[in-house]
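# Architecture at a glance
Residue strings, one per chain:
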Amino acid sequence: MEETAIELRGIHKRFGDLEVIKGIDLTARRGEVVALIGASGSGKSTLLRCVNLLERPDAGQILFNGESIDLRAGRDGTLRPAHHDQITRVRAGIGFVFQNFNLWPHMNVLENVIEAPIHVSGLSRRQAVAEAEHLLEKVGLGDKKNAYPAFLSGGQQQRAAIARTLAMKPAVILFDEPTSALDPELVGEVLGVIRQLAEEGRTLLIVTHEMRFARDVAHRVVFLDAGRIEEQGPPSEVFGRPRSERCRAFLATHLSEDEGVTLS
Amino acid sequence: MNWQVMIESLPALAEGALLTLELVAVSGVFGLMLAVPMAMARVSPRGWVKALPMAHIYFFRGTPLLVQIYLVYYGSGQFEAIRSSFLWPYLSEAYWCAIIAFTLNTSAYTAEILRGALQAVPRGEVEAAEAVGMTPALIWRRIRLPRAFRIALPAYSNEVILMLKGSALASTITLMDLTGVARTIIARTYTPMELFLAAGLLYVLLTFLILGGFRLLEKRLNRHLQPR
């Protein structure tokens, strides 16, 4: 049996009266690339943010490499991490790439990348810098390490953010619409880096609107609709022979829109 | 205009300006040290953590600086308990009374400036820090406070200049600051226009000094901002 990297059991999440996630089970095996697709408001980003508890679910269980994250209910009823040590350790093992990059603007690119390895993992500065330079080379930013984020294009910022995530050597990387905030001509360079990570056999969970990218890179595609998993399977099945009516309707609009996007 | 008396008073006025600068610097540093934890408590979601800094901030922003100085200088000596305590060597001295009043006053304004700056740090930057496994203490030290200081810098330089001018009130409790020296000389020479003009020009000079210092600091700390 293959080992599971991430396992979600019965996740529920509501914002006020709006139930965004209505009981979702999802597993990602080690080395698997899972694409989460669905219309805006279907809950896919919220689900992803529940994995490392950036969003607090109302109910459910989260396992990382088989280890269950201890949760306790807070005053508002949402589940929060019971132990700070555990959640910071688990988060260090789960990378998260944001739609809006969220680089720290007061640090240059290199400082962004070495920040967590030095202060969270306890690496020496020399070693952190050596690894960071290697990673920046890999994402094509070797010549931008001293630049501040505000001086970079969106695509460069997102690649720097991916390098920052990789610097923690995460077992799983979560991507929350990594190309949605980018100009169309910059999408390809970021997808190229993610594709490279997928080919290295990393475990990736990707929320995306790039259907062709999902079809080409993912091992499994999960279609979310109204807070539930409506359909899932290999891309050939979900895209080729969607079983549910909603998935078919969603793909009909999104695959045609997607034709113009070029992938690197 | 009696230019002679103006020039002759300059050395004494310069000495007064030094005391003014010292009052602003010492209470500025103490005020900032008080303001940081107050601002941190002020943005807490817990009501009871917020209560104390809020009471402090509302009192010192809601009352005149002169009243605060009088409360410390005249008010504290009224109580036997204070007169017999270890605080009395300080509270019986005008210099420390001014420092205490200025420190408490500027800490309230600075805490509010910092609170605004802390709330202006984008949520996503804090989430990014959480996502790489930083502890809350580390996020404060490495992300939230450094970001807030940079955001607050322009507004804070304004607060320091206001404090410089507010410090003229120290002369009301016998301190020989810039205004105090001017008033003392005027009492002897009856040349208020000359002396207050000279003192005013020295205040302008000090203001430019402080602004220049902040400009250098901003250039260094905010070099990450995109040039416009």
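Residues numbered from 1 in each chain as written. Chains lettered and ligands numbered in written order. Predicted model: local features only at pLDDT ≥ 70, side-chain atom pairs only at ≥ 80, totals over all residues.

### A short note on the overall build of chain B
- The number of helices and strands found in chain B is 10 helices and zero strands.
- Taken from the N to the C terminus, the helices and strands of chain B come in the order α-α-α-α-α-α-α-α-α-α.
- Seen along its three principal axes, the alpha-carbon backbone of chain B occupies a region of about 70 × 55 × 25 Å.
- In chain B, buried positions account for 35% of the 228 residues. (Helix = DSSP H or I, 4+ residues; strand = E, 2+ residues; numbered from the N terminus. Buried ≥ 20, exposed ≤ 12 C-beta atoms within 10 Å, placed from the backbone.)

### Topic: the interface of chain B and chain A
- Between chain B and chain A, the residue contacts involve 19 residues of the former and 22 residues of the latter.
- Among the elements of the structure, α7 (123–131) and α8 (136–166) of chain B are those that each provide at least two residues to the side of chain B that touches chain A. (Contact = placed C-beta atoms within 7 Å.)

### Digging into the nonpolar core
- Grouped together as the largest cluster of nonpolar side chains are 124 residues, with contacts concentrated most on Leu36, Ala163, Leu174 and Leu205 of chain A.
- Among the elements that take part in this core, helix α6 (residues 94–120) of chain B stands out by supplying 14 residues, more than any other.
- Aside from chain neighbours lying at most four places away, what touches Leu174 of chain A is Leu48, Val51, Asn52, Ile94, Gly95, Phe96, Val97 and Leu205 of chain A.
- The next biggest cluster of nonpolar side chains, apart from the first, holds nine residues, and it includes Val181, Ile185, Leu195 and Ala198 of chain B. (Core = buried A, V, L, I, M, F, W, Y, C linked by C-beta atoms within 7 Å.)

### Some details on the packing of helix α1 (residues 3–42) of chain B against α6 of chain B
Residue and element names in this part refer to chain B.
- For the pair α1 and α6, the least separation of the axes is 6 Å and the interaxial angle reads 45 degrees. As far as their axial angle goes, α6 and α1 are oblique. The chirality of how α1 crosses α6 is right-handed.
- Taken together, the residues that form the contact of α1 with α6 break down as 15 nonpolar, seven polar and two charged. (Axes fitted to C-alpha atoms, helices over the stretch in contact; angles between N-to-C directions. Parallel < 35°, antiparallel > 145°, perpendicular 65-115°, else oblique. Left-handed = near helix turned anticlockwise from the far one by under 90°. Nonpolar A, V, L, I, M, F, W, Y, C, P; charged D, E, K, R; others polar.)

### Structural notes on the sheet that holds strand β5 (residues 67–68) of chain A
Residues and elements named next belong to chain A.
- With respect to topology, four strands assemble into an open sheet ordered β2-β1-β4-β5, the strand pairing being antiparallel. Looking at strand neighbours, the two that pair on one side only are β2 (18–29) and β5, the edges of this open sheet.
- Where strand β1 (residues 4–15) and β2 come together, nine bridges link them in antiparallel fashion. When the sheet's bridge partners are listed, Phe15 is paired in β2 with Leu18.
- Sheet strands in contact with helix α1 (residues 44–51) are β1, β2 and β4 (59–64), and its direction is about 120 degrees off that of β1. (Pairing = 2+ DSSP bridges.)

### A few points about the pairing of strand β3 (residues 33–38) of chain A
All names here are of chain A.
- For β3, the tally of buried residues reaches six of six residues, placing the bulk of the element in the interior.
- The alternating pattern of β3 places Val33, Ala35 and Ile37 on one face and Val34, Leu36 and Gly38 on the opposite face, and all of these are buried.
- The pairing of β3 with strand β10 (residues 203–207) spans four bridges and is parallel. Its bridge partner being in β10, Val33 is matched across the sheet by Leu204.
- Bridge count between β3 and strand β11 (residues 220–225): five bridges; the pairing is parallel.

### Observations concerning the confidence of the model for chain A
- With 96% of its residues at a pLDDT of at least 70, chain A reaches an overall mean of 93.
- In the model, residues 260–264 of chain A has pLDDT below 50 throughout and makes 12 contacts with residues more than four positions away in sequence or in other chains. (pLDDT = per-residue confidence, 0-100.)

### Here's the deal with helix α6 (residues 184–199) of chain A
Residues and elements named next belong to chain A.
- Along its 16 residues, α6 runs 23 Å from first to last C-alpha, staying within 8% of the 22 Å computed at 1.5 Å per residue.
- Regarding α6, the residues found buried are Val187, Val190, Leu191, Val193, Ile194, Leu197 and Ala198. For α6, the buried positions fall inside an angular range of 155 degrees around the axis, keeping them on one side. Exposed side of α6, more than 90 degrees from the buried face: Glu185 and Glu199 are the residues found there.
- The elements touched by buried residues of α6 are β3, α5 (154–166), β9 (172–176), β10 and α7 (211–217).
- A positive phi of about 85 degrees marks Gly201, the residue just after α6. (Expected span 1.5 Å × (residues − 1). Arc of directions from axis to C-beta.)

### With respect to the sheet that holds strand β8 (residues 94–97) of chain A
All names here are of chain A.
- Strands sit in the order β8-β9-β10-β3-β11-β12 across an open sheet of six strands; the sheet is mixed. Two strands close off the open sheet at either side, each with one partner strand: β8 and β12 (228–233). In this sheet, neighbouring strand axes are inclined to one another by 20 degrees on average, regardless of whether the strands run parallel or antiparallel.
- Pairing of β11 with β12 involves five bridges; the strand directions are antiparallel.

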